[in-house]
Amino acid sequence: MPGLPRILLVPAVLGLAACQSAPISPMSGHQDTLRLNAEESRLWHSAVELDAQMENADYLYEDDELQGYLASVMRRLYPEYGDAISVRVVDSPSLNAFALPNGSIYINTGMLTRLDNEAQMATVLAHEGVHFTHKHSWQQRRNMKSSTAFSTGLGMVTGIPALGDLMALSSIYGFSKDLEREADAEGFRRLAAAGYDVTQAPVTFEHLLAEVEALDIDEPYFFSTHPALEDRIESFDELVQQHGATNGYRGEQAYRMQIAALQLELLQDYLELGQYQSVLLILGRPDAFGHYPLSAWFYLGEAYRLRDGEGDPARSAEAYATAIQQVPEFAPSWRAMGLHYMKQGEAGEADRHFIRYLELQPDAPDRAYIELYRANLQSGDNH
């Protein structure tokens, strides 16, 4: 996985000056994207330029299979738009998703790994799709003032100076409550029409709210503030009640197959950044290991090791042992357990685990260090 991008916060939507008098009607399908007036064409091409900048700056997570999967979900939600709405993945652990006025939908790796199933992901994509089909950037722009100063400042925030002239709206501020509610309602309608389990819609935002509260997060991202998240949950709860019972599709297995590797990469990224709290929160959920690969037990052990609070060494060792039991071919767990036993002065157990680690990973980059540890253990020097 490439290094984390500098822009962990990304704009929710782009907007430029629109006609102040003519009513803005939603699009009805792909054909409407081919009939743009002059203002819409300029806005569209600006968004295309941003797409190119995102790709050239290496901000995207490249995975053709995942890309195809996301595209299939979007086509299921918006069949009349064909490929006019595209989905790209931003390589960032931040919980974010946003839409551009040309139909480009972006969703962060951090958002994907927090969701449990395809229905929850479809909730996010359906919501963002409405921002495009209903031209919310234009509608919101009409109420904005001092857009030049605002967009210039936003370009500085995103780390892409060229965006300063393109931006008028951002996930930092989001849309008006009315437009968000419209995106909720229309996105929910799309979710139901596509046959998804609509009861998963509010669960999507409950996950995000739990993380905001547990980690006391104040960085702006997809509905990060309590009022906005609580509004989403309340809105979707009302929509579910109105819709009634559902036996819709959740897509748990399909989703897990697509993002399992990504989930482990994000856990590793958090640990490398020293953000063990995020790993403990993610894997501390009662149902976490029903949605994460079983090798995630190793990362839970690493998070306890890094926190190193009272009782954490024992918790760490228990997590490593569980990882070995559940996924015995996962080499890092054997190494971690060997280090644990070495610190505890249990030379025999430490050596046994180191041997198995090197058997599973003969080309390990730290092989020389492990061999040195083994030599010290055999000579009685555990330091």
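1. So, the environment of Glu-265
Phase 1: Here Glu-265 shows up in helix α10 (residues 252–272).
Phase 2: Spatially, the C-alpha atom of Glu-265 lies 9.7 Å from that of Thr-113, the residues being 152 residues apart in sequence.

2. Side note on the nonpolar core
Phase 1: In terms of nonpolar packing, the biggest core is built from 89 residues, with Leu-77, Ile-107 and Leu-283 touching the most fellow members.
Phase 2: Apart from residues no more than four positions distant in its own chain, Leu-283 is found in contact with Leu-267, Ala-288, Phe-289, Tyr-292, Ala-296, Tyr-299 and Leu-300.

3. Considering the pairing of strand β3 (residues 104–108)
Phase 1: Burial analysis of β3 places five of its five residues in the buried class, which makes it a mostly covered element.
Phase 2: Here β3 shows two buried faces, one formed by Ser-104, Tyr-106 and Asn-108 and the other by Ile-105 and Ile-107.
Phase 3: Here strand β1 (residues 86–90) runs beside β3; their pairing, made up of five bridges, is parallel. Bridged to Ser-86 within β3 is Ser-104.
Phase 4: Across three bridges, strand β2 (residues 97–99) lies against β3 in antiparallel orientation. By the bridge assignment for β3, Phe-98 is matched with Tyr-106.

4. Here we look at the packing of aromatic side chains
Phase 1: Going through the model one piece at a time under the given rule, you end up with 12 aromatic pairs.
Phase 2: Centroid distance Phe-188 to Phe-236: 6.4 Å. Interplanar angle 40°. Geometry classified as tilted. On the criterion of sequence distance, the pair formed by Phe-188 in helix α7 (residues 177–193) and Phe-236 in helix α9 (residues 226–243) is long-range, its members being 48 residues apart. Across the pair, Phe-236 and Phe-188 agree in class, each one buried.
Phase 3: Measuring from ring centre to ring centre gives 5.0 Å for Phe-298 and Tyr-299, while their planes differ by 75°; the resulting arrangement is edge-to-face.
Phase 4: One aromatic cluster is present, built from ring pairs that chain together Phe-298, Tyr-299, Tyr-320 and Phe-330.

5. Some points on the packing of helix α4 (residues 118–133) against α7
How two helices pack is summed up by the angle between their axes together with the distance between the axes.
Phase 1: Direction vectors running N to C along α4 and α7 enclose 125°, while the axes themselves pass 8 Å from each other. It follows that α4 is oblique to α7 by the angle criterion. Our pair here, α4 against α7, has a crossing hand that is right-handed. From α4, Ala-119, Ala-122, Thr-123, Ala-126, His-127, Val-130 and His-131 reach across to α7, where they touch Glu-180, Glu-182, Ala-183, Asp-184, Glu-186, Gly-187, Arg-190 and Leu-191.
Phase 2: Of the residues contributing to the contact of α4 with α7, the split by class is six nonpolar, four polar and five charged.

6. What about a negative patch on the surface?
Phase 1: A cluster of like negative charges, contributed by Glu-55, Asp-58, Glu-62 and Asp-64, occupies part of the molecular surface.
Phase 2: Residue placement: Glu-62 occurs in the loop between α1 (38–56) and α2 (64–77).
Phase 3: Glu-62 sits in the exposed class, given a relative accessible area of 57%.

7. Quick word on the pattern of salt bridges
Phase 1: Counted by the stated rule, this structure contains 20 salt bridges.
Phase 2: Salt-bridge contacts for Asp-83 lead to Arg-75; the nearest nitrogen and oxygen are separated by 3.4 Å.
Phase 3: Judged by its relative accessible area of 62%, Asp-83 falls in the exposed class.
Phase 4: Here Arg-75 falls in the partly exposed class, since its relative accessible area comes to 38%.
Phase 5: The partner of Arg-367 in a salt bridge is Glu-371, with the nearest N and O atoms 3.5 Å apart. Within this pair, Arg-367 and its partner Glu-371 are both found in helix α16 (residues 367–379), separated by four residues, close to a single helical turn.
Phase 6: Each of Glu-80, Glu-186, Arg-189 and Arg-190 takes part in a single network of salt bridges with overlapping partners.

8. Side note on helix α13 (residues 312–326)
Phase 1: Spanning 15 residues, α13 covers 21 Å between terminal C-alpha atoms, matching the ideal 21 Å at 1.5 Å per step.
Phase 2: Of the residues making up α13, those classed as buried are Asp-312, Ser-316, Ala-317, Ala-319, Tyr-320, Thr-322, Ala-323 and Ile-324.
Phase 3: Where the residues of α13 are buried, they touch α12 (296–307), α14 (331–343) and α15 (347–360).

9. Describing the sheet that holds β1
Pairing between the strands of a sheet comes from backbone hydrogen bonds, and it takes one of two forms, parallel or antiparallel.
Phase 1: Strand order in this open sheet of three strands is β1-β3-β2, and the pairing throughout is mixed. Each edge of the open sheet carries a strand with a single partner, namely β1 and β2. Each adjacent strand pair in this sheet contributes to an overall mean axis angle of 20°, direction not counted.
Phase 2: The sheet contacts of α2 involve β1 and β3, and relative to β1 the element is tilted by about 135°.

Conventions we followed
Residues numbered from 1 in each chain as written. Predicted model: local features only at pLDDT ≥ 70, side-chain atom pairs only at ≥ 80, totals over all residues. Heavy atoms only, no water. Helix = DSSP H or I, 4+ residues; strand = E, 2+ residues; numbered from the N terminus. Core = buried A, V, L, I, M, F, W, Y, C linked by side-chain atoms within 4.5 Å. Buried < 20%, exposed > 50% of the residue type's maximum accessible area, 1.4 Å probe, protein only. Contact = heavy atoms within 4.5 Å. Pairing = 2+ DSSP bridges. Phe/Tyr/Trp six-rings, centres within 6.5 Å; stacked < 30°, edge-to-face > 60°. Axes fitted to C-alpha atoms, helices over the stretch in contact; angles between N-to-C directions. Parallel < 35°, antiparallel > 145°, perpendicular 65-115°, else oblique. Left-handed = near helix turned anticlockwise from the far one by under 90°. Nonpolar A, V, L, I, M, F, W, Y, C, P; charged D, E, K, R; others polar. Patch = residues over 30% accessible without salt bridge, like charges linked within 9 Å, V, L, I, M, F, W, Y side chains within 5 Å. Areas by Shrake-Rupley, 256 points an atom, 1.4 Å probe, with all protein chains shown as cover. Salt bridge = Lys/Arg side-chain N within 4 Å of Asp/Glu carboxyl O. Lys, Arg positive; Asp, Glu negative; His and termini not counted. Charge placed at Lys NZ, Arg CZ, Asp CG, Glu CD. Expected span 1.5 Å × (residues − 1).

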